[in-house]
Amino acid sequence: MPRLDLVPEEFADEVADRVRARRGGSLTALDRLLLHSPPVADGWNELLGAIRSRTTLALGVRELVICRVAVLNGAAYEWAAHAPLFLASGGTADQLEAVRTGTGTGLSPVQAAALDYATVMTQQVAVPDELFGRLREHFDDRGIVELTATVGAYNLVSRFLVALQLEPDGPGDGTRS
């Protein structure tokens, strides 16, 4: 059980309508927590909508770093939502295990660089020049900004989920941020 009650699914206001529109008609459990503060829910919806649907990052890279952040921060809800998306994007079960363990075994060079970047950003914040140089081999400026924003945004998501104890067995299980 989350630490706060979920706002009712039928909750109606302009913000909830915008969130439903992005989600394809329904609210997730995460949305129903966020809607305790409509301004926060509205900003969250816009930011995560941009990261999920308006960037140029390859879907597999995006989902890989989201899954890595979920593992590092212990966000089971986030993992449950995004691990299937990584697999659906063409990732393999072995690659997903590499993401979970942080080994990088079986990942392409671009995936390994993204994995290491997500790990360092989440655990240490400051990124060493050597790692940033590896990113430059695979991403242009826009790609680096989008990758960095994705890792940062999903650190926000995972920390929100963990602090409010939203687990994947709750309502909205398997939905995306």
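Residues numbered from 1 in each chain as written. Predicted model: local features only at pLDDT ≥ 70, side-chain atom pairs only at ≥ 80, totals over all residues. Heavy atoms only, no water.

Q: If you had to explain the overall build of the protein to someone new, which residues and values would you point to?
A: A tally of regular secondary structure across the protein gives nine helices and zero strands. Counting helices and strands in the order they occur from the N terminus, the protein gives α-α-α-α-α-α-α-α-α. Referenced to the eigenvectors of the C-alpha coordinate spread, the extents of the protein come out at roughly 50 × 30 × 30 Å. A separation of at least 24 residues holds for 64% of the contacts in the protein among residues at least 6 apart in sequence. When the accessible surface of the protein is totalled, it reaches about 8300 Å², and 56% of it is carbon and sulfur. Between the mean site of the 16 positive side-chain charges and the mean site of the 23 negative ones, the protein shows a separation of 1 Å. (Helix = DSSP H or I, 4+ residues; strand = E, 2+ residues; numbered from the N terminus. Contact = heavy atoms within 4.5 Å. Areas by Shrake-Rupley, 256 points an atom, 1.4 Å probe, with all protein chains shown as cover. Lys, Arg positive; Asp, Glu negative; His and termini not counted. Charge placed at Lys NZ, Arg CZ, Asp CG, Glu CD.)

Q: Tell me about helix H6 (residues 93-101), and name the residues and values.
A: For H6, the full list of buried residues reads Gln95, Leu96, Ala98 and Val99. Relative to the axis of H6, the buried residues are bounded by an arc of 155 degrees and lie together on one face. Turned more than 90 degrees away from the buried face of H6 sit Ala93 and Asp94, all of them exposed. Trailing H6 by a residue or two, Gly102 shows a phi angle of about 80 degrees, which is positive. (Buried < 20%, exposed > 50% of the residue type's maximum accessible area, 1.4 Å probe, protein only. Arc of directions from axis to C-beta.)

Q: Let's hear about the environment of Glu78: which residues, and what values?
A: Looking at the element boundaries, Glu78 is found in helix H5 (residues 76-88). Of the residues examined, Glu78 reaches a relative accessible area of 1% and is grouped as buried. Distance from Glu78 to Leu47, taken between C-alpha atoms, is 17 Å for residues 31 residues apart in sequence. Each residue touching Glu78, except ones within four places of it in the same chain, is listed here: Ile66, Val69, Ala70, Tyr154, Val157, Ser158 and Leu161.

Q: Pulling in residues and values, what's your account of helix H4 (residues 59-73)?
A: Between its terminal C-alpha atoms H4 stretches 21 Å, which fits the 21 Å expected from 15 residues at 1.5 Å a residue. For H4, the buried fraction is high: 12 of the 15 residues fall into the buried class. Gly60, Val61, Arg62, Glu63, Leu64, Val65, Ile66, Cys67, Arg68, Val69, Ala70 and Asn73 are the residues of H4 that are buried. If you follow the buried residues of H4, they end up packed against helix H3 (38-53), H5, H6, helix H7 (109-123) and helix H9 (141-163). Just downstream of H4 lies Gly74, where phi reads positive at about 65 degrees. (Expected span 1.5 Å × (residues − 1).)

Q: Summarise empty space enclosed by the protein; cite the residues concerned and give the values.
A: Scanning all chains against the criterion turns up one cavity of 30 Å³ or more. Lining the largest cavity we find Gly74, Ala75, Ala76, Tyr77, Leu161, Val162, Leu166 and Glu167. (1 Å grid on protein atoms, 1.4 Å probe; cavity = no way out; pocket = protein on both sides within 12 Å on 5 of 7 lines; lining within 4 Å. Points joined across faces, edges and corners; volume = space filled by probe spheres on them.)

Q: Now, about the pattern of salt bridges: what can you tell me, with residues and values included?
A: Side-chain pairs of opposite charge can arise where the charged atoms are in close proximity. Tallying each qualifying case throughout the model produces 10 salt bridges. Its salt-bridge partner being Glu46, residue Arg54 comes within 2.7 Å of it at the nearest N-O pair. Bridged by salt links that share partners, the residues Arg52, Arg62 and Glu63 form one connected network. (Salt bridge = Lys/Arg side-chain N within 4 Å of Asp/Glu carboxyl O.)

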